[in-house]
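The lines below spell out each chain.
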Amino acid sequence: TIRRNQLHASQKQQAAASAQRAKADVRLAYTEIHALIGGVVDVRAALAGEVVTPGQAIVTIVNPDDLWVRIDVEETYIDRVRVGDKLTVRLPSGDEREGTVFYRGVDAGYATQRDVSRTKRDIKTFELRLRVDNADRRLAVGMTAYVVLPLTTDPVTRSQPSSSIDLPNAAATP
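Cut-off values and rules
- Residues numbered from 1 in each chain as written.
- Predicted model: local features only at pLDDT ≥ 70, side-chain atom pairs only at ≥ 80, totals over all residues.
- Heavy atoms only, no water.
- Helix = DSSP H or I, 4+ residues; strand = E, 2+ residues; numbered from the N terminus.
- Buried < 20%, exposed > 50% of the residue type's maximum accessible area, 1.4 Å probe, protein only.
- Contact = heavy atoms within 4.5 Å.
- pLDDT = per-residue confidence, 0-100.
- Pairing = 2+ DSSP bridges.
- Phe/Tyr/Trp six-rings, centres within 6.5 Å; stacked < 30°, edge-to-face > 60°.
- Lys NZ or Arg CZ within 6 Å of the ring centre and 35° of its normal.
- Core = buried A, V, L, I, M, F, W, Y, C linked by side-chain atoms within 4.5 Å.
- Salt bridge = Lys/Arg side-chain N within 4 Å of Asp/Glu carboxyl O.
- Polar contact = N/O pair within 3.5 Å; in protein donor to acceptor, adjacent residues only side chain to side chain.

Of regular secondary structure, the protein possesses two helices and nine strands. Reading the protein from its N terminus to its C terminus gives the helix and strand order α-β-β-β-α-β-β-β-β-β-β. When the 174 residues of the protein are sorted by exposure, 23% land in the buried category. Put simply, of all contacts in the protein between residues at least 6 apart along the chain, 60% involve residues at least 24 apart.

Structure below.
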């Protein structure tokens, strides 16, 4: 019976050790970091060995296949642009590509022009986002781009004439 008791005690110790190992594996898994998307690390907010809290950002990942151009359009032009419209995006190199409007802000942002004479109203802006093909990886985050807006649009055909304006200070954004 002593051997049986020793065997039973050894089995219990083995089970306890297995449970401790499983617990250690779970704790170790908490230290692993997995990205939700594939991409390029843009910013490292924490380094190896630093203590971080759950949910705290430790890196910023940019997906180079999903960059868009963000612009602020004055309210005097916003009625000429709708979601789905195709606009020309000009890069600083002079290269042009087509962008498709996929987001149009529903409320005004900040005023780009202040009325100091109090005879006119302030001119506010609305945000637009255009998805642009970046298969050649020529767009980079924060890069300057120029978006060509139509001066007039035929409300029936939604066609855009050749007259247009350039909107500078657009930026490629993740």
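Should the pLDDT be low somewhere, the predicted coordinates at that spot are not to be read in detail. When the pLDDT values of the protein are averaged, the result is 81; 79% of them are 70 or greater. By mean pLDDT, strand β9 (residues 164-173) is the weakest element of the protein at 49, and helix α1 (residues 2-29) is the strongest at 94. Below a pLDDT of 50 lies the segment residues 156-169, which in the model reaches 39 contacts outside its immediate sequence neighbourhood of four places, other chains included.

Moving on, we get to the pairing of strand β7 (residues 123-132). For β7, the buried fraction is high: seven of the ten residues fall into the buried class. Summarising the sheet, strand β3 (residues 68-74) and β7 pair through seven bridges and their orientation is antiparallel. Each bridged residue has a counterpart across the sheet, and for Val69 the counterpart in β7 is Leu130. One ladder, built from five bridges, connects strand β5 (residues 96-104) with β7; its direction is antiparallel. Looking across to β7, one finds that Arg104 is bridged to Leu128.

A complete count under the given rule lists one aromatic pair for this structure. Centre to centre, the rings of Trp68 and Phe102 are 5.6 Å apart; their planes meet at 75°, and the pair counts as edge-to-face. Of the two residues, Trp68 sits in strand β3 while Phe102 sits in strand β5, which places them 34 residues apart along the sequence. Looking at Arg129, its charged tip hangs above the ring of Tyr103, at a distance of 4.6 Å from the centre. Above the ring of Phe102, the side-chain terminus of Arg131 is found at 4.1 Å from the ring centroid.

Once that is clear, we can look at the side chain of Asn134. Relative to the helices and strands, Asn134 is located in the loop between β7 and β8 (144-150). Among all residues touching Asn134, those that are not within four sequence positions of it are Pro64, Leu67, Arg97 and Leu139.

Proteins that are soluble and globular tend to have nonpolar side chains buried together. Core analysis: the largest hydrophobic core is formed by 19 residues, its most contacted members being Val69, Ile71, Leu87, Val89, Leu128, Leu130 and Val147. Residue assignment for this core shows that the elements contributing at least two residues are β3, β4 (86-90), β7 and β8. No other element matches the four residues that β7 contributes to this core.

In this section: the environment of Ala35. Looking at the secondary structure, you find Ala35 in the loop between α1 and β1 (40-44). For the pair Ala35 and Ile61, spaced 26 residues apart in sequence, the C-alpha separation works out to 8.2 Å.

Here we take up the pattern of salt bridges. Considering all chains together, one arrives at ten salt bridges under this definition. Here Asp65 makes a salt bridge to Arg137, at a shortest N to O gap of 2.6 Å. A residue pair is termed long-range when its members are at least 10 positions apart, and Asp65 in the loop between β2 (59-62) and β3 and Arg137 in the loop between β7 and β8 qualify at 72 residues. Residue Asp65 is classed as exposed on the basis of its relative accessible area of 53%.

For Arg97, the location among the structural elements is in strand β5. A polar contact of 3.2 Å, which involves the side chain of Arg97, links it to the side chain of Asp95. In this structure the side chain of Arg97 is engaged in a polar contact, spanning 2.9 Å, whose partner is the side chain of Asp136. Setting aside anything within four residues of it in sequence, one finds Arg97 in contact with Leu87, Thr88, Val89, Leu91, Val132, Asp133, Asn134, Asp136, Arg138 and Leu139.

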